[in-house]
Amino acid sequence: MKQLRSSKHRALIAAIVGARNAAGLTQRQLAAKLKRSNSFVWKLEAGERQLNVLEFIEIARVLNVRASAIMAQIEG
């Protein structure tokens, strides 16, 4: 996958990690809120996994941030 670990992918992950930290959640807590395994969040944040659009929207919802706000951070 060409997009995995690209600069845009790294920027997206950094924005999600920032939003998670701003929400005061650990990886484990985010995984629980998403009803996913801890490894799902770990692999995502380690850059080993891409997100599909629906997963991205769900993560944004759980973090109480607009998906469009996260996208705006990486579009530059």
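Computed from a predicted model, the values in this text were never measured in an experiment. (Residues numbered from 1 in each chain as written. Predicted model: local features only at pLDDT ≥ 70, side-chain atom pairs only at ≥ 80, totals over all residues. Heavy atoms only, no water.)

(A) The arrangement of the nonpolar core in detail. Ranked by internal contacts, the top residues of the largest apolar core, which has 21 residues, are I16, L34, L51, F56, I59 and L63. Breaking this core down by element, the ones donating at least two residues are α1 (7-22), α2 (27-34), α3 (38-45), α4 (53-62) and α5 (67-74). Here the element with the most residues in this core is α1; it accounts for five residues. (Core = buried A, V, L, I, M, F, W, Y, C linked by side-chain atoms within 4.5 Å. Buried < 20%, exposed > 50% of the residue type's maximum accessible area, 1.4 Å probe, protein only. Helix = DSSP H or I, 4+ residues; strand = E, 2+ residues; numbered from the N terminus.)

(B) Molecular detail of the side chain of R20. As for its placement among the helices and strands, R20 is situated in helix α1. A polar contact of 3.4 Å, which involves the side chain of R20, links it to the side chain of N21. Ignoring anything within four residues of it in the chain, the contact list for R20 reads L25, T26, Q27, L30, E45 and L63. (Polar contact = N/O pair within 3.5 Å; in protein donor to acceptor, adjacent residues only side chain to side chain. Contact = heavy atoms within 4.5 Å.)

(C) Examining the pattern of salt bridges more closely. In the structure shown here, the tally under the stated rule is four salt bridges. Residues E55 and R49 are paired through a salt bridge, measuring 2.9 Å at the closest nitrogen-oxygen approach. Taking relative accessible area as the criterion, E55 reaches 11% and is therefore assigned buried. Here R49 falls in the partly exposed class, since its relative accessible area comes to 24%. Three or more residues are tied together by salt bridges with common partners; here these are R36, R49 and E55. (Salt bridge = Lys/Arg side-chain N within 4 Å of Asp/Glu carboxyl O.)

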